Amino acid sequence: MLDLRERIFIEANVEETKGSSTTFRITGEALCSDGSTVATPECVAQVDKYELRIRATNKGNDGLDLELLFGPNRSEPLSLSFSDVRVGMIVDLGGVKDTVKYVNPETELPRVMVGRVELALTSKGPRDLEFQTSILDALSVEWDMAAGTYAFSTAKASPLTETKVWQKDGANWARVALNLGTTEIRIPYSGAKAAFAGKPYVASLSGLSYSMEGQEGSEALTLAHLGLGQAQSYVALGEHKLATVDLNALSGRHFDLRVEKGADGLAVLSVQPEFDLSVFTDTEPVYEYAAGEAPRDLKTNFNVRLSGGRAPSVRPVAANTATGFPGGLQVVSGELSMAVNDARVTVPASKCLVKERTTTESPTGVGFAARDCQ
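Analysis parameters
Residues numbered from 1 in each chain as written. Predicted model: local features only at pLDDT ≥ 70, side-chain atom pairs only at ≥ 80, totals over all residues. Heavy atoms only, no water. Disulfide = S-S within 2.5 Å. Helix = DSSP H or I, 4+ residues; strand = E, 2+ residues; numbered from the N terminus. Contact = heavy atoms within 4.5 Å. Polar contact = N/O pair within 3.5 Å; in protein donor to acceptor, adjacent residues only side chain to side chain. Phe/Tyr/Trp six-rings, centres within 6.5 Å; stacked < 30°, edge-to-face > 60°. Buried < 20%, exposed > 50% of the residue type's maximum accessible area, 1.4 Å probe, protein only. Lys NZ or Arg CZ within 6 Å of the ring centre and 35° of its normal. Salt bridge = Lys/Arg side-chain N within 4 Å of Asp/Glu carboxyl O. Core = buried A, V, L, I, M, F, W, Y, C linked by side-chain atoms within 4.5 Å. pLDDT = per-residue confidence, 0-100.

## Details of the state of the cysteines
Disulfides are covalent bonds that connect the sulfur atoms of two cysteines.
Phase 1: Tallied over the entire structure, the rule returns two disulfides.
Phase 2: Disulfide pairing is shown between Cys-32 and Cys-43; the S-S distance is 1.9 Å. Here the S-S torsion is close to -85 degrees, and the disulfide linking Cys-32 with Cys-43 is therefore left-handed. Here the residue Cys-32 occupies a position in the loop between helix H2 (28–31) and helix H3 (41–50), and Cys-43 occupies one in helix H3, the gap between them amounting to 11 residues.
Phase 3: In this model, Cys-352 is linked to Cys-373 through a disulfide, with the two sulfur atoms separated by 2.0 Å. In this structure the cystine formed by Cys-352 and Cys-373 twists about its S-S bond by roughly 115 degrees; its chirality is therefore right-handed. Residue Cys-352 is found in strand E26 (residues 352–355), and its partner Cys-373 is found in the segment after strand E27 (368–371); the two are separated by 21 residues along the sequence.
Phase 4: Taken N- to C-terminal, the disulfide-bonded cysteines of the chain are connected 1-2, 3-4.

## Quick notes on the environment of Asp-246
Phase 1: By the secondary structure assignment, Asp-246 is in strand E17 (residues 240–247).
Phase 2: With near-sequence residues (within four places) excluded, Asp-246 lies in contact with Gln-232, Arg-253, Asp-276, Leu-277 and Ser-278.
Phase 3: Separated by 3.0 Å, the side chains of Asp-246 and Arg-253 make a polar contact.

## Description of the packing of aromatic side chains
Phase 1: For the structure on display, the rule yields eight aromatic pairs.
Phase 2: Ring geometry for Phe-9 against Phe-24: centres 5.0 Å apart, planes inclined by 65 degrees, an arrangement best described as edge-to-face. Taken as a pair, Phe-9 in the loop between helix H1 (4–7) and strand E1 (14–18) and Phe-24 in strand E2 (residues 21–25) lie far apart in primary sequence, 15 residues in all.
Phase 3: Take Phe-24: its relative accessible area is 10%, and that puts it in the buried class.
Phase 4: When the centroid spacing of 6.2 Å and the interplanar angle of 10 degrees are considered together, the rings of Trp-143 and Tyr-150 count as stacked.
Phase 5: The partly exposed category is assigned to Trp-143, whose relative accessible area is 32%.
Phase 6: Classification of Tyr-150 as partly exposed rests on a relative accessible area of 23%.
Phase 7: Here the aromatic residues Tyr-50, Phe-70 and Tyr-102 are joined through ring pairs into a cluster of three or more.
Phase 8: Its end group placed over the ring of Tyr-234, Lys-241 keeps NZ or CZ at 4.6 Å from the ring centre.
Phase 9: Cation over ring: Lys-355 sits above Phe-368, and NZ or CZ is 5.3 Å from the ring centre.

## Some points on the pattern of salt bridges
Phase 1: Enumeration according to the criterion identifies 22 salt bridges in this entry.
Phase 2: Put simply, Asp-264 and Arg-315 hold a salt bridge, and the shortest N to O gap is 2.3 Å. Placement of the pair is Asp-264 in the loop between strand E18 (254–261) and strand E19 (267–272) and Arg-315 in strand E22 (residues 313–317), with a sequence separation of 51 residues.
Phase 3: Judged by relative accessible area, which is 44%, Asp-264 ranks as partly exposed.
Phase 4: Classification of Arg-315 by relative accessible area gives partly exposed; the value is 21%.

## Some points on unusual backbone geometry
Phase 1: Following Ser-158, the chain continues into Pro-159 via a peptide bond in cis, with omega recorded as 5 degrees.
Phase 2: Looking at where Pro-159 falls in the secondary structure, it is placed in strand E10 (residues 157–168).
Phase 3: Here the bond from Gln-272 into Pro-273 is cis, since omega is -5 degrees, no more than 30 degrees from zero.
Phase 4: Assignment of secondary structure puts Pro-273 in the loop between E19 and strand E20 (275–282).
Phase 5: Positioned with a positive phi, Asn-248 is a non-glycine residue whose angle comes to about 50 degrees.
Phase 6: Looking at where Asn-248 falls in the secondary structure, it is placed in the loop between E17 and E18.

## Re the nonpolar core
Phase 1: Counting residues in hydrophobic clusters, the biggest one holds 16 residues, and the most contacted among them are Phe-255, Leu-336 and Leu-353.
Phase 2: Of all elements in the fold, only E18, strand E21 (299–307), strand E24 (335–340) and strand E25 (343–347) reach the threshold of two or more residues within this core.
Phase 3: With three residues, the single largest contributor to this core is E25.
Phase 4: Here Leu-336 is in contact with Val-304, Arg-305, Leu-306, Leu-329, Val-331, Val-345, Thr-346, Val-347 and Leu-353, once residues within four sequence places are set aside.
Phase 5: If you look at the next biggest cluster of nonpolar residues, it comprises 14 residues, including Ala-39, Leu-52, Ala-56 and Phe-70.

## Examining the confidence of the model for the chain
Phase 1: Looking at the chain as a whole, its pLDDT mean stands at 92, while 97% of the residues score no less than 70.
Phase 2: Across the chain, the secondary-structure element scoring lowest on mean pLDDT is H1, at 76, and the one scoring highest is E20, at 98.

## Considering helix H4 (residues 93–103)
Phase 1: Of the residues making up H4, those classed as buried are Leu-93, Gly-94, Gly-95, Lys-97 and Thr-99.
Phase 2: For H4, the secondary structure elements touched by its buried residues are strand E4 (64–70), strand E5 (75–82), strand E6 (86–92), strand E7 (112–125) and strand E8 (128–145).
Phase 3: You can read the cap of H4 off the contacts: a side-chain oxygen lies 2.9 Å from the backbone nitrogen of Gly-94, and it is on Asp-92.

Put into C-alpha cells, the structure is as follows:
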C-alpha cells in the first residue's frame, strides 16, 4: 500500500509553497512502487506524462484540504477535505472535462461542463451521523448533436440533500431533507411544425423541497416545507407553454403535510396552510391533426384544493358492500374541491369524494362526486 507520508508528502517532492498551501509533484517512481521493489519504466513514463500533483492546504482547526492537480494546466477535477469530525469530497465538472481531454483528446464530451458537487460525511459521535450532498456552483451541461443542442442545468443548492441520524434523550431520531433549485432540461424540436423549427422543448422545474424529521416509534409523521420552488414550473416549446404547474401560488408556494393515525387506525392527512395545485395544458400548437379530423379544444385547466380552517384534513374510507359505498376520501375538516375547466365538484366536511362509476359522461364533468361516507 502506498504510504503518502513517506512517498508523496516529502521535501524532495515539494514544487512550491504559498502561504499555508504546499504543492507536491507525484512522480512515477513514487506511485509505481512501494519502495521495496523497482518501478517499471513503462509505469513511470505513464505517470510522469500526466504531471500529477497534490496541493495540500493546512486550515488549522478546520483540518486539511487536498486538491488533485492534473496536467500542465493543473486542472482540478477532485479535492478532499478532512477535519476531526468531517470528511468531504468535491468534484469539479470543468476540471473533469479538462482532465479527460488531456488524457485522451479524442474523447467526445459535452461542449459545456461546469459546476461543482460536494459529498460530505460528518460524525459528532457514534450516534450522531450526517451525510450531505451540495451543488456548490450551478451545474450546466450542454452537448451538440445532429438534431440540435441538448442541455441540462440546475442551480446552486447547499445543501442539496441531508440524511441525519442521532440519539436524543435515549430515543433514536432521523431527518431527511431535499432542497433542489431551479432545474431545466432543453431538447431540440424534431416535429413537422415549421413555426417551431430550431426552437427547443424546455422542461423547467422551479424547485423541489421537503424536510422530514421523526422519532423512532412515533405514529405521526410531518413532511415540512413541501414545494415546487418559488415560481411556476412548466414545459414549453419555444415561447409557448404546453403545460404549467403551480403549487400554492397564493399561499407561499409551500405547505406542511402531517400524517397520523386516526381513532379507527386509518391515516389522517392534514395540511398547513392549504394544498392548492393547478395544472394547465395547451397542446394545440403542436398537435398534428389527421386528414379530415375536426379541430377541437386542446386546452385543459385542472385544479384540486384542500383548504379552510387551521389544518384542513382528509382520510380514506373503505368500501361498504352492504350499502354500496365504493370507498373514497372523506373530508375531516375544511373543504375539498376539484375542477376541470368549468366543471367543479366541492366536498364539504364530513362528506366523501368518490369516483363516479357511470359509463356515460360524468354528471359533474370531473369524474368524481361528493356523497355521504356510507
